[in-house]
Amino acid sequence: MASVYEREFRQISNRFYNLAIDRAVERDLFGATLLLKKSLSFNSKNTNARNLLGLIFYEEGAVTEAIVQWLVSRDLFKNELNPANEFLKKVQNDDETSKLFESVKIYNQAIDDIRFDRNDLAMIKLNKAVILNPHNVKAMYLLSILFLQIKDHIKAGSYLLRCQKIDTGNKFINEHMDYVLKNTKKSEVKEKKISKIYSFKKLESDDAILPRQYIKLSENQKVIFILIGIIIGALSHALLILPNAKSSDSLASENQVIRYAELVNDQNKIIRDITIENNQLKTDYEDASVKLKAYEEQNKLFTSQYETLNSIINDFDNGYISRAAKNYVELDKDAITDESLVTLLNQARSRIEGIGAKRLCELGTESWNGGNKTAAISYYQLSLSINPEDPETMFLLARLYQNLERYKEANEIFDKIIAQHPQSNYARRSREARGY
């Protein structure tokens with residue numbers, strides 16, 4: 001039997017899944033993905049969430065990630081009714097699947113080219129990846145970034161526009177599109193023909209591409225290369241004037257300086273990459289901390305509201321009407337907006353406001369008849385806090401105050417009954433009690 005916490009986690013998981021469906025319908029695939037991952041963090045066996053996450057991955061061209069989610073879903077829920085079976089069967093029997101895998105493979109190759117500053121070759125491969133799979137969002141987005149680096153905003157914007165048609169909610173894509181629109185006109189981006197944006201030439205086995213490389217040097221590297229230039233110049237001078245005087249020691253010295261310069265350059269590049277990665281990790285950590293705190297607060301409120309509503313319903317059903325009514329009155333009902341909690345709130349309302357207030361009035365009268373007037377006042381007041389305009393409860397409380405010689409409080413209630421229910425029998429009886 002599942003524990004209370006397991007049931008709550010499943011409900012929270014379903015809540016995030018339902019929100020993800022709304023995002024997916026609006027084609028906010030980025031937002032839907034985040035919500036589905038949160039859903040699975042609360043219930044990893046939520047096959048509905050896994051299947052939808054797989055569909056989103058597939059729509060974005062991440063066919064490998066999609067298959068992984070469907071395989072896990074199939075293993076968790078081994079039933080013919082699991083949609084994951086149909087998704088996997090379709091992928092296996094689809095003639096286009098090989099193109100999708102090839103697109104992913106070429107995209108990964110382009111990543112390696114970028115790491116080694118072969119951006120020209122990477123752009124060719126990314127374009128091929130997009131041709132093979134026009135929904136490969138990662139490839140189109142990376143290609144737009146490379147175009148932005150060479151200040152070609154029109155071409156970058158055209159690819160970003162295609163990305164937005166697939167995923168409207170990706171904040172990174174949208175931020176770059178905003179940047180493009182600031183540097184160009186939206187009409188220019190829309191009118192650009194994607195097929196003419198980048199010429200694609202099929203590479204043969206003997207083709208060679210030598211992209212230009214631009215290396216940003218630090219001050220230390222500049223000094224080293226100046227020294228290398230001086231040394232090489234001195235060696236060249238010696239070779240021209242005294243060709244027979246160059247010894248093996250000079251060659252060894254020259255090679256050593258060059259090797260040292262290359263080593264410094266490699267080390268500086270490693271340090272620069274580590275620094276960039278560290279800064280990015282720090283930013284990601286800070287963003288995640290803020291989101292986690294907000295999420296924990298939201299989840300804390302959700303859990304608190306859920307527990308309160310459950311206790312109200314259980315207390316009422318078990319006969320603890322007074323305690324249920326007090327908790328219901330103190331509950332901030334306007335703050336409850338979650339669909340699943342609204343259902344519980346309506347159940348509590350039907351109990352407390354439907355028959356609870358009437359039952360509290362009856363308990364007040366029973367206490368009064370039993371001689372416990374203090375308890376009777378509490379029951380009447382609690383009943384009125386739920387239904388403040390009930391003339392019967394108001395009249396009984398006023399009569400009890402009158403019996404206790406608390407005439408001022410009694411008369412205030414009598415006057416209220418006469419003003420709010422002038423045609424009722426309780427208004428007539430209130431006038432008689434007041435003496436007019």
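Everything numeric here is computed off the predicted structure, so don't read it as measured data.

1. Brief notes about the side chain of serine 430
Okay, step 1: Structurally, the position occupied by serine 430 is in helix H19 (residues 425-434).
Okay, step 2: Classification of serine 430 as buried rests on a relative accessible area of 0%.
Okay, step 3: Looking at serine 430, its side chain comes within polar contact range of the main-chain oxygen of tyrosine 426, at 2.7 Å.
Okay, step 4: Those residues within four positions of serine 430 in sequence are excluded, and the remaining contacts are Phe395, Phe414, Ile417 and Ile418.

2. What to know about a nonpolar patch on the surface
Okay, step 1: On the surface, a cluster of nonpolar side chains totalling about 310 Å² of accessible area is made up of Leu76, Phe77 and Leu81.
Okay, step 2: The topology assignment puts leucine 81 in the loop between helix H4 (63-76) and helix H5 (83-93).

3. Quick look at the packing of helix H15 (residues 339-369) against helix H17 (residues 391-403)
Okay, step 1: H17 packs onto H15 with a crossing angle of 25° between their chain directions and a minimal axis gap of 10 Å. What the angle tells us is that H15 and H17 run roughly parallel. Relative to H17, H15 is oriented so that their crossing is left-handed. For the pair formed by H15 and H17, the contact residues are Lys358, Cys361, Thr365 and Trp368 on the first element and Glu392, Thr393, Leu396, Arg399, Leu400 and Asn403 on the second.

4. Re the pattern of salt bridges
Okay, step 1: Using the criterion set out here, one finds 17 salt bridges in the structure.
Okay, step 2: One salt bridge connects arginine 23 with aspartate 28, and the closest N-O pair in it is separated by 3.4 Å.
Okay, step 3: A relative accessible area of 35% places arginine 23 in the partly exposed class.
Okay, step 4: On the accessibility criterion, aspartate 28 (13% relative accessible area) is buried.
Okay, step 5: Each of Asp113, Arg118 and Lys125 takes part in one network of salt bridges that share partners.

5. Comments concerning the nonpolar core
Okay, step 1: Counting 74 residues, the largest nonpolar core has Leu36, Leu126, Leu309, Ile312, Leu341, Ile352 and Leu360 as its most contacted members.
Okay, step 2: Element by element, the count of residues in this core is highest for helix H8 (residues 137-149), at nine residues.
Okay, step 3: Every residue in contact with leucine 360, bar those within four places of it in the chain, is listed here: Ile321, Ser322, Ala325, Tyr379, Leu382, Ser383 and Ile386.
Okay, step 4: Counting residues in each nonpolar core, the second largest holds 16 residues, with Ala376, Phe395, Leu400 and Tyr401 among its members.

Calculation notes
- Residues numbered from 1 in each chain as written.
- Predicted model: local features only at pLDDT ≥ 70, side-chain atom pairs only at ≥ 80, totals over all residues.
- Heavy atoms only, no water.
- Helix = DSSP H or I, 4+ residues; strand = E, 2+ residues; numbered from the N terminus.
- Buried < 20%, exposed > 50% of the residue type's maximum accessible area, 1.4 Å probe, protein only.
- Polar contact = N/O pair within 3.5 Å; in protein donor to acceptor, adjacent residues only side chain to side chain.
- Contact = heavy atoms within 4.5 Å.
- Patch = residues over 30% accessible without salt bridge, like charges linked within 9 Å, V, L, I, M, F, W, Y side chains within 5 Å.
- Areas by Shrake-Rupley, 256 points an atom, 1.4 Å probe, with all protein chains shown as cover.
- Salt bridge = Lys/Arg side-chain N within 4 Å of Asp/Glu carboxyl O.
- Axes fitted to C-alpha atoms, helices over the stretch in contact; angles between N-to-C directions.
- Parallel < 35°, antiparallel > 145°, perpendicular 65-115°, else oblique.
- Left-handed = near helix turned anticlockwise from the far one by under 90°.
- Core = buried A, V, L, I, M, F, W, Y, C linked by side-chain atoms within 4.5 Å.

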